Amino acid sequence: MSDRSDVVIVGAGQGGAQAAMSLRQQKFEGTITLVGEEPDAPYERPALSKEYLAGEKPFEKMLLRPTAAWSEHGVELRLGQRVTEVDAAAHRVRLEDGSDIAYGTLIWATGGAPRRLACSGHDLRRVHTVRSRGDVDRLRDELSSTTSVVVVGGGYIGLESAAVLVKLGKRVTIVEAQDRVLSRVAAERTARFFEAEHKRHGVDVRLSTKVACIEERDGAATGVRIESGEVLPAEMVIVGIGITPTVAPLISAGAQTALDGVVVDLHGKTSLADVYAIGDAAAHRNIHAHGALVRLESIQNANDQATVVAKNITGKTERYESIPWFWSNQWDLRLQTVGLSQSHDATVLRGNPATRHFSLVYFREGKVIALDCVNAMKDYIQGKALIASNRTFDPSVIARAEIELKTLL
Ligand code: FAD
């Protein structure tokens, strides 16, 4: 059986949903089919490791649009169906059930799959990842019979999950292979602050610690053995060690790849004719990273790339040049990061971390390139303007928290 749709979007998550709606906002009148592997209509993932895990937000409130909105906007949802093949020459995707959908334009928005541990025990019962509603539902079902949890990975998802689980009364250990938490995304100062916060709340934070294997009884995890030989007892293990973009069908179709994802240009186009890619799965040269290839995993990136792609498909030439931003909630702390800090050559602290209200400002050659703002909304908003200005600033002035950043422009 073969259908045809003017635009086929593969991946009914953040980017896919935004692309469909942006196409309609751009007055696109063709047919749109949104194919998603998960059984649910598109929903926001950030709550999964925050309010949804905590049981504070019902799933219905996480839906990106009311269910009826999709048909009202003429978007055909095909849920619970995975695309397994792309025939770029024939402009056709194949679904798991063997059926085909022909496309005029394809948007690939599949995000990524959680990385698994490579050691023995990685696939036991009571070993979880936090990527989908299904993941968190399975995990939550086991919480009442759990007192101790080992979280492997001290990135955003690991730290957020740890904070929620402590609030739910669990004993939590974080095992992190690097010598600090948040090592991929934040400088030492920010990382040490969050490490101290977790310790203050009773989390056992093990840095520079590698997992040797997961111990088991009757097929269920009972603890994590670390490389020193010590076993950290746990009735539940949560693995938050990053994702691998789900791009195998595009790679088989011949798309150019980098950073495990599919390479796109500033308009979101892949190397395949009429195929775009967005969100976690797409690697692009980012002007805020001095043109380096990056693959960003954030709501802002998925949404803004989707909007740019929708504009290009409808004939407006638009480049993806937004300043990246990201947030994380842990305890009563809201971390908001704006810009990309990876290439910084200096940092300056504004405010005092002891007050739990401060910003770390990242510089490169005298220009502000990023800020980590902790409970510091004003710095976050005004700091974005400093980044956009592309001007140099005196770090000693930026360090004076009593001076509002906007007055420096
Ligand atoms: P996704 O939203 O992951 O959507 C991809 C969809 O494609 C999925 O439903 C997947 O099942 C489906 N799919 C995959 N392969 C196929 C296939 N072959 N066929 C059909 N469908 C397929 N970002 C922030 O900015 N702030 C946060 O606080 C934050 N917190 C997060 C917390 C958690 C627990 C997680 C998991 C992510 C969080 N993120 C956060 C990241 C953010 O959610 C992602 O960057 C964003 O969802 C990426 O959008 P996407 O469209 O690329 O992928």
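Structure: above.
This section reports on the structure supplied with the text. (Residues numbered from 1 in each chain as written. Predicted model: local features only at pLDDT ≥ 70, side-chain atom pairs only at ≥ 80, totals over all residues. Heavy atoms only, no water.)

## As for the overall build of the protein chain
For the protein chain, the helix and strand inventory stands at 10 helices and 26 strands. For 409 residues, the compact-globule estimate of 2.2 N^0.38 gives 22 Å, and the C-alpha radius of gyration of the protein chain, at 22 Å, lies within 12% of that figure. For the protein chain, the spread of C-alpha atoms along the three principal axes comes to 65 × 60 × 35 Å. Scored against the burial criterion, the 409 residues of the protein chain give a buried share of 55%. Looking at the protein chain alone, contacts between residues at least 24 apart form 60% of all its contacts between residues at least 6 apart. Surface accessibility of the protein chain: about 17,500 Å² in total, with carbon and sulfur atoms responsible for 48%. Distance between charge centroids for the protein chain: 4 Å, based on 49 positive and 51 negative side chains. (Helix = DSSP H or I, 4+ residues; strand = E, 2+ residues; numbered from the N terminus. Rg over C-alpha atoms; globule rule 2.2 N^0.38 Å. Buried < 20%, exposed > 50% of the residue type's maximum accessible area, 1.4 Å probe, protein only. Contact = heavy atoms within 4.5 Å. Areas by Shrake-Rupley, 256 points an atom, 1.4 Å probe, with all protein chains shown as cover. Lys, Arg positive; Asp, Glu negative; His and termini not counted. Charge placed at Lys NZ, Arg CZ, Asp CG, Glu CD.)

## So, the sheet that holds strand β14 (residues 231-233)
Backbone hydrogen bonds hold the strands of a sheet together, and the pairing may be parallel or antiparallel. In spatial order, the strands read β12-β13-β14; together these three strands make up an open sheet with antiparallel pairing. Edge positions in the open sheet fall to β12 (211-217) and β14, since each of these has one partner strand only. In this sheet, neighbouring strand axes are inclined to one another by 30° on average, regardless of whether the strands run parallel or antiparallel. In this structure, strand β13 (residues 220-226) lies alongside β14, joined through three bridges in antiparallel fashion. From the neighbouring strand, Arg-225 faces β14, where its bridge partner is Val-231. (Pairing = 2+ DSSP bridges. Axes fitted to C-alpha atoms, helices over the stretch in contact; angles between N-to-C directions.)

## With respect to the pattern of salt bridges
This structure, assessed with the given rule, holds 30 salt bridges. Taking the shortest distance from any N to any O, the salt bridge between Lys-199 and Glu-195 comes out at 2.7 Å. Residue Lys-199 and its partner Glu-195 are both found in helix α6 (residues 188-200); the two are separated by four residues, about one turn of the helix. By relative accessible area, Lys-199 is classed as partly exposed at 43%. Among the salt bridges present, the one from Arg-200 reaches Glu-197, with a minimum N-O distance of 3.1 Å. (Salt bridge = Lys/Arg side-chain N within 4 Å of Asp/Glu carboxyl O.)

## With respect to the packing of helix α1 (residues 14-25) against helix α8 (residues 299-313)
Contact geometry for α1 and α8: axes closest at 8 Å, N-to-C directions at 35°. Between α1 and α8 lies a crossing of right-handed hand. Contact with α1, carried on its side by Gln-14, Gly-15, Gln-18, Ala-19, Ser-22 and Leu-23, involves Ile-299, Ala-302, Asn-303, Ala-306, Thr-307, Ala-310 and Ile-313 of α8 and no other residues of that element. The residue inventory of the contact of α1 with α8, partitioned by class, reads seven nonpolar, six polar and no charged. (Left-handed = near helix turned anticlockwise from the far one by under 90°. Nonpolar A, V, L, I, M, F, W, Y, C, P; charged D, E, K, R; others polar.)

## Notes on the site of the ligand
Around the ligand there are 33 residues in total, and Gly-15, Glu-38, Lys-50, Arg-131 and Asp-280 lie nearest to it. Between an oxygen atom of the ligand and a main-chain N or O atom of Ile-299, the distance comes to 3.0 Å. Burial of the ligand by the protein chains amounts to 95% of its free accessible area of 1,000 Å². Elements that contribute at least two residues to the shell around the ligand include exactly α1, β2 (32-36), α8 and β22 (325-330). (Near = heavy atom within 4 Å. Polar contact = N/O pair within 3.5 Å; in protein donor to acceptor, adjacent residues only side chain to side chain.)

## Describing the nonpolar core
Ranked by size, the top nonpolar core spans 43 residues in total, and within it Phe-194 and Ile-238 carry the most contacts. Here this core takes seven residues from helix α5 (residues 156-167), the largest share from any one element. Once residues within four sequence positions are removed from consideration, Phe-194 is found in contact with Leu-159, Leu-182, Gln-330, Leu-333, Leu-335 and Val-374. (Core = buried A, V, L, I, M, F, W, Y, C linked by side-chain atoms within 4.5 Å.)

## Details of the side chain of Thr-337
The residue Thr-337 is located in strand β23 (residues 333-339) in this model. A polar contact is formed between the side chain of Thr-337 and the side chain of Asp-372, at a distance of 3.0 Å. Ignoring sequence-local partners within four residues, the contact set of Thr-337 consists of Tyr-156, Pro-324, Trp-325, Phe-326, Leu-371, Asp-372 and Tyr-380.

## Description of the environment of Arg-82
As for its placement among the helices and strands, Arg-82 is situated in the loop between β3 (75-79) and β4 (83-87). For the pair Arg-82 and Lys-167, spaced 85 residues apart in sequence, the C-alpha separation works out to 36 Å. Beyond its immediate sequence surroundings of up to four residues, Arg-82 is in contact with Glu-37, Arg-94, Leu-95 and Glu-96.

## Re the layout of surface pockets
The space that makes up the second largest pocket amounts to roughly 230 Å³. Surrounding the second largest pocket, Ile-287, His-288, His-290, Ile-323, Arg-364, Glu-365, Lys-367, Val-368, Ile-369, Ile-387, Ala-388 and Asn-390 form its lining. Contributing elements (two or more residues each) for the lining of the second largest pocket: β26 (367-374) and α9 (377-389). The biggest single contributor to the lining of the second largest pocket is β26, with three residues. Taken together, the residues that form the lining of the second largest pocket break down as six nonpolar, three polar and three charged. (1 Å grid on protein atoms, 1.4 Å probe; cavity = no way out; pocket = protein on both sides within 12 Å on 5 of 7 lines; lining within 4 Å. Points joined across faces, edges and corners; volume = space filled by probe spheres on them.)

## Observations concerning the sheet that holds strand β9 (residues 148-152)
Strand order in the open sheet made by the five strands is β8-β15-β9-β10-β11, with parallel pairing throughout. Only two strands of the sheet have a single partner each, and these edge strands are β8 (127-128) and β11 (204-206). Across three bridges, strand β10 (residues 171-175) lies against β11 in parallel orientation. Its bridge partner lying in β11, Ile-174 is registered against Val-205.

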